[in-house]
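Listed here are the chains, written in short residue letters.
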Amino acid sequence: MPNKTTEYVNRELTKWTEMGVHGHLEGQLPWAKCEDYAVKSSAKLVGAQPEEVAIMSGLTVDLHLLFCSFYRPTRERFRILLEDKAFPSDHYLVDSQVRLHGYDPETAVIYVKPRDGNACLEMEDILACIAQYGDEIAVVFLPGVQYYTGQLYDMKKIVAAGHAKNCIVGFDLAHAIGNVRLNLHDWDVDFAAWCTYKYLNSGAGGIGGLFFHKRWHDDELLESGDEPLVRLEGWWGHRFETRFKMTNKRDLIPGAGGFKLSNAPPLLVAPLMASLEIYDSISFDDFLRKQFLLTGYLEMLLLDLNQTLSSRANESTTTVIGIFTPSDPRQRGSQLSLTFSAPLETVRSRLDSRGFVCDVREPHVLRAAPSPLYNSFVEVLRFIQALKESLELDHTKAA
């Protein structure tokens, strides 16, 4: 948790106690436009212009809103490209959008799958799938970083391939924002959305964010003679200057802000502000350099530990620790996805008892992600020592 989080949340609670309704327009974070204070820093992290970013709602809500505007299926072009092991909410999102438009997910969703025996997708297979089915695909929808494997996809190439076939291309950036370099505007990404409680450390259930490329903004479309996109609208998507005049006349915020539905919770914006201030204070180049070294150091120690434990047990061909995140640093961020010959829950609980909290993802993965903002090389070494102790218990019993 960022050090300033408690201070910033308590400041809003105090304002609520002392000001009541006046807190909407007064104080350091006026509630009526609190989310706007997080836009500039968020836009910097995703490589966007500020008017292309809105801080609002939650990840899946934001994606549904974007799909309602971008997924406009026709008889010829009605399919959605999705990875086979997408995060469950993305599966539910896509299936429900397809059904909402009267199609069957069995025929309307194309799943791109890893090759037999592999956990990660090959970029050439993604591009080949777009090339093969592109004339039928309405939306290509993929993660920036795959939650289970930690694989970083080449978003720029995916966008180019999709646009070559006249597909809309969007991304779920839940595991990418604050973790890898993003240039959504320059890559010509049509839309994207993210949560803020992973690498942005805003707390469980933190507020979401979305990206809406400028070329889709109402003024850009009208200038080129096209009709603006239809979108689901709410009060908060209207300009601040006219929002409280209660005229019921449509006056949307230009760009991404027009997707906002209702007042953002200031108690969720405050923790995000504490985190974004940290990102604003550093060079992202320096962040990536430390990430390269920190995750690389973890990988090296894991490979060495696996060799040591395997040879000790006279099992040189057995993998005690497996890593199926790509070894190429250009294809990953901070996360390494680990598998073990020991039961996964046993390993997790033993690490937990030694002071290391790692995330388990069923059926086989423990995710270790040293953060360049918060973790040190010494802590990585201590983690390896704790993991060694945890795994040696099984090998000692076996011996």
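Numbering of residues begins from 1 in every chain and follows the order in which that chain's sequence is written. This being a predicted model, a pLDDT of at least 70 is required before a residue's local features are given, and a value of 80 or more before pairs of side-chain atoms are given or counted; all residues contribute to the totals for chains, interfaces and linings. The side-chain quantities take in all heavy atoms of the structure and omit both hydrogens and water.

Caption draft 1: Main features of the overall build of the protein. For the protein, the count of helices and strands is 14 helices and 11 strands. Only the C-alpha atoms count toward the radius of gyration. The rule for a globule is 2.2 Å times the residue count to the power 0.38. Over its C-alpha atoms the protein spans a radius of gyration of 23 Å, differing by no more than 12% from the 21 Å that the globule rule assigns to 399 residues. For the protein, the C-alpha atoms occupy an extent of roughly 80 × 60 × 35 Å along the three principal directions. A simple rule labels every residue: compare its accessible area, found with a 1.4 Å probe on the protein chains alone, to the largest value its type can have, and call it buried under 20%, exposed over 50%, or partly exposed in between. Residue burial in the protein is summarised as follows: out of 399 residues, 51% are buried. The numbering of helices and of strands both runs from the N terminus, where a helix is a DSSP run of H or I of at least 4 residues and a strand a run of E of at least 2.

Caption draft 2: Broad picture of the packing of helix α3 (residues 59-70) against helix α4 (residues 88-100). Where α3 meets α4, the axes come as close as 11 Å, and the angle between the chain directions of the two elements is 30°. Compared by their axis directions, α3 and α4 come out roughly parallel. Note that α3 runs across α4; the crossing there is right-handed. Taking contact as the criterion, the partners of Thr-60, Leu-63, His-64, Phe-67 and Cys-68 in α3 are, on α4, Ser-89, Asp-90, Leu-93, Val-94, Ser-96 and Gln-97. The axes are straight lines fitted to the C-alpha atoms, using for helices just the contacting stretch, and the angles between their N-to-C directions are given from 0 to 180°. For classification purposes, an angle smaller than 35 degrees is called roughly parallel, one larger than 145 roughly antiparallel, one from 65 to 115 roughly perpendicular, and anything else oblique. The crossing is said to be left-handed when, going from far helix to near helix, the turn is anticlockwise and less than a right angle, and right-handed when the turn is clockwise. Working rule for contacts: check all heavy atoms of both residues, and any pair within 4.5 Å makes them a contact.

Caption draft 3: Focus on the pairing of strand β2 (residues 79-83). With 5 of its 5 residues buried, β2 lies for the most part within the structure. Side-chain alternation along β2 places Arg-79, Leu-81 and Glu-83 on one buried face and Ile-80 and Leu-82 on a second face that is also buried. Two strands qualify as a pair provided that DSSP identifies no fewer than 2 bridges between them. Inspection of the sheet shows β2 paired to strand β4 (residues 137-143) by 3 bridges, in the parallel sense. Residue Ile-80 lies in a different strand from β4, and its bridge partner there is Val-139. When β2 meets strand β3 (residues 109-112), the two strands line up parallel, connected through 4 bridges. Bridging from a neighbouring strand, Ile-80 pairs with Val-109 of β3.

Caption draft 4: The state of the cysteines, seen in detail. Counting rule for disulfides: a pair of cysteine sulfur atoms within 2.5 Å. Overall, the coordinates contain 0 disulfides when judged by the stated rule. We note that Cys-34 lacks a disulfide partner, and the nearest cysteine sulfur, in Cys-195, lies 18 Å from it. There is no disulfide at Cys-358, and the cysteine sulfur nearest it, in Cys-120, is 19 Å away. Judged by its relative accessible area of 17%, Cys-358 is buried.

Caption draft 5: Up close: unusual backbone geometry. Of the consecutive residues Glu-362 and Pro-363, the connecting peptide bond is found in the cis state with omega at 10°. Looking at the secondary structure, you find Pro-363 in the loop between β10 (359-361) and β11 (365-368). Here Asn-166, not a glycine, exhibits a phi torsion of approximately 65°, which is positive. In the Ramachandran plot, Asn-248 falls in the positive-phi region, its phi being about 60° despite a non-glycine side chain. Under the relative-accessibility criterion, Asn-248 is labelled exposed at 80%.

Caption draft 6: Highlighting α3. Expected span of a helix: the number of residues minus one, times 1.5 Å. With 12 residues, α3 ought to run about 16 Å at 1.5 Å a step, and its terminal C-alpha atoms sit 16 Å apart, in line with that. Across the 12 residues of α3, 9 count as buried, placing the element largely inside the fold. Among the residues of α3, Leu-59, Asp-62, Leu-63, Leu-65, Leu-66, Phe-67, Cys-68, Ser-69 and Phe-70 are the ones counted as buried.

Caption draft 7: Expanded view of a nonpolar patch on the surface. A cluster of nonpolar side chains, contributed by Leu-13, Trp-16 and Leu-267, occupies part of the molecular surface with about 300 Å² of accessible area. You can see Leu-267 is positioned in helix α11 (residues 266-280). Exposure above 30% relative accessible area and the absence of a salt bridge qualify a residue for a patch, where like charges join within 9 Å and nonpolar side chains (Val, Leu, Ile, Met, Phe, Trp, Tyr) within 5 Å. Note on areas: these come from Shrake-Rupley sampling with a 1.4 Å probe, and a residue is covered only by the protein chains present in the view. We define a salt bridge as a contact between a side-chain nitrogen of Lys or Arg and a carboxyl oxygen of Asp or Glu at a distance within 4 Å.

Caption draft 8: Spatial organisation of the nonpolar core. We call a set of buried Ala, Val, Leu, Ile, Met, Phe, Trp, Tyr and Cys residues a nonpolar core when their side-chain atoms join them within 4.5 Å. Core analysis: the largest hydrophobic core is formed by 57 residues, its most contacted members being Ile-126, Val-140, Ile-158, Phe-171, Leu-173 and Leu-182. Broken down by element, the residue count for this core peaks at 7 residues, all from α11. If near-sequence neighbours (up to four positions away) are discounted, Val-140 is found in contact with Leu-81, Ile-130, Ile-158, Cys-167, Ile-168, Val-169 and Gly-170.

Caption draft 9: How the structure looks around the sheet that holds β4. The strand order across the open sheet formed by 7 strands is β1-β7-β6-β5-β4-β2-β3, and the pairing between neighbours is mixed. Unpaired on one side and paired on the other, β1 (53-55) and β3 mark the two borders of the sheet. Ignoring strand direction, the axes of neighbouring strands in this sheet form an average angle of 15°. Looking at chain direction, β4 and strand β5 (residues 168-172) are connected through 5 bridges and run parallel. Within β5, the position partnered with Pro-143 by the bridge is Asp-172.

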